[in-house]
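For reference, the chains in residue letters:
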Amino acid sequence: QQQKEQKQQQQQQQKGKQETPSKDGSAAGEVKTNKKNVRRWENGFEIEELAMGQPNGKLAKAGKKCMMKYVGRLKSTGKVFDQTQGKKTFAFRLGVGEVIKGWDLGVQGMRVGDKRRIVIPPQLGYGSSGVKGAIPPNATLEFEMELVDVK
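Residues numbered from 1 in each chain as written. Predicted model: local features only at pLDDT ≥ 70, side-chain atom pairs only at ≥ 80, totals over all residues. Heavy atoms only, no water.

Participant: I'm lost on the overall build of the protein chain in this one. Help?
Facilitator: A count of helical and extended segments in the protein chain gives 2 helices and 8 strands. Each helix (α) and strand (β) of the protein chain, taken in turn from the N terminus, gives the series α-β-β-β-β-β-β-α-β-β. When each of the 151 residues of the protein chain is scored for burial, the buried share is 33%. When contacts within the protein chain are restricted to residue pairs at least 6 apart in sequence, those whose partners lie at least 24 apart make up 59%. Counting only carbon and sulfur atoms, one obtains 45% of the accessible surface of the protein chain, whose full area is about 9,600 Å². (Helix = DSSP H or I, 4+ residues; strand = E, 2+ residues; numbered from the N terminus. Buried < 20%, exposed > 50% of the residue type's maximum accessible area, 1.4 Å probe, protein only. Contact = heavy atoms within 4.5 Å. Areas by Shrake-Rupley, 256 points an atom, 1.4 Å probe, with all protein chains shown as cover.)

Here it is in structure tokens:
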């Protein structure tokens, strides 16, 4: 009986470890939603496809430099804490930890011209530390983003 309970606990712990999307964006821990263009995971991470670029557009994949336009908001209040200005873009190398984990996961698989809204839970964002003066501890973040170019 004890062995059976221990095995169940181990299985639940394993299940907890599989909450984030895999590198290709498909996912263990993905939860069904009623919205056709929304993918949601058990840990609260969410990707909503707002607009699709050309199907043959350049693909954002690990190691590539991605140029983005975005608006970042606190999910709880809708307050904008960061955004690109005018025609300026934000550039980063995908999948190497230059940005918060939620961005690496949310941008992966986009094509130039794609627009997404991603919801990033604290554990994939700034966690319990937050960002002084801008993002409170344990904040869930929401970004509307567009992939402008990939190099």
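Participant: Just to check I follow, could you spell out the side chain of Thr84 for this structure?
Facilitator: Tracing the backbone through its elements, the reader meets Thr84 in the loop between strand E5 (80-83) and strand E6 (90-93). Setting aside residues no more than four positions away along its own chain, Thr84 makes contact with Met68, Lys69, Tyr70, Thr89 and Phe90.

Participant: Where do I start with the nonpolar core in this structure?
Facilitator: Looking at soluble globular proteins, one finds that nonpolar side chains tend to be buried together. Core analysis: the biggest nonpolar cluster contains 27 residues, and Met68, Trp103, Val107, Ile120, Leu141, Phe143 and Met145 have the highest contact counts within it. Those elements giving two or more residues to this core turn out to be strand E4 (65-74), helix H2 (101-107), strand E7 (115-120) and strand E8 (141-150). Looking at which element gives the most residues to this core, the answer is E8, with 5 residues. Trp103 has contacts with Met68, Tyr70, Phe90, Phe92, Leu94, Ile118, Ile120, Phe143 and Met145, leaving out every residue within four places of it along the chain. (Core = buried A, V, L, I, M, F, W, Y, C linked by side-chain atoms within 4.5 Å.)

Participant: Can you help me understand the side chain of Asp104 in this one?
Facilitator: Within the secondary structure, Asp104 sits in helix H2. Within the buried set, Asp104 has no salt-bridge partner at all; the shortest N-O distance to an opposite charge, 5.8 Å, is to Lys101. Discounting chain neighbours no more than four positions away, the residues touching Asp104 are Phe92, Arg93, Leu94, Gly95, Val96, Gly97 and Val99. (Lys, Arg positive; Asp, Glu negative; His and termini not counted. Salt bridge = Lys/Arg side-chain N within 4 Å of Asp/Glu carboxyl O.)

Participant: Explanation requested: unusual backbone geometry in the structure shown.
Facilitator: With the exception of glycine, the majority of residues adopt a negative phi angle, and the majority of peptide bonds are in the trans configuration. At Asn138, a position not held by glycine, the phi torsion is positive, near 55°. Examined against the element boundaries, Asn138 turns out to sit in the loop between E7 and E8.

Participant: Explanation requested: the environment of Ala60 in the structure shown.
Facilitator: Structurally, the position occupied by Ala60 is in the loop between strand E3 (46-51) and E4. When residues no more than four places from it in sequence are discounted, the contact partners of Ala60 are Cys66, Leu94, Val107, Gln108, Gly109, Met110, Leu147 and Val150.

Participant: Sorry, what's going on with the confidence of the model for the protein chain here?
Facilitator: Note that predicted coordinates carrying low pLDDT should not be read in detail. Taken as a whole, the protein chain shows an average pLDDT of 85; of its residues, 78% reach a score of 70 or greater. Taken together, the stretch residues 6-26 has pLDDT below 50 and engages in 19 contacts with residues farther than four places along the chain or on a different chain. (pLDDT = per-residue confidence, 0-100.)

Participant: Whenever I open this one, the packing of aromatic side chains confuses me. Can you help?
Facilitator: Here a ring pair, both rings aromatic, is described through the centre-centre distance and the interplanar angle of the planes. In this structure the tally under the stated criterion is 9 aromatic pairs. Judged by centre distance (6.0 Å) and plane angle (75°), the ring pair of Tyr70 and Phe90 falls under edge-to-face. Placement of the pair is Tyr70 in strand E4 and Phe90 in strand E6, with a sequence separation of 20 residues. Aromatic side chains Trp103 and Phe143 sit 5.4 Å apart centroid to centroid with 90° between the ring planes, which places their arrangement in the edge-to-face category. Linking Trp103 in helix H2 with Phe143 in strand E8, this pair joins segments that are 40 residues apart in sequence. Both residues of the pair, Trp103 and Phe143, count as buried. Three or more aromatic residues joined by ring pairs make a cluster, and in this case those are Tyr70, Phe81, Phe90, Phe92, Trp103 and Phe143. (Phe/Tyr/Trp six-rings, centres within 6.5 Å; stacked < 30°, edge-to-face > 60°.)

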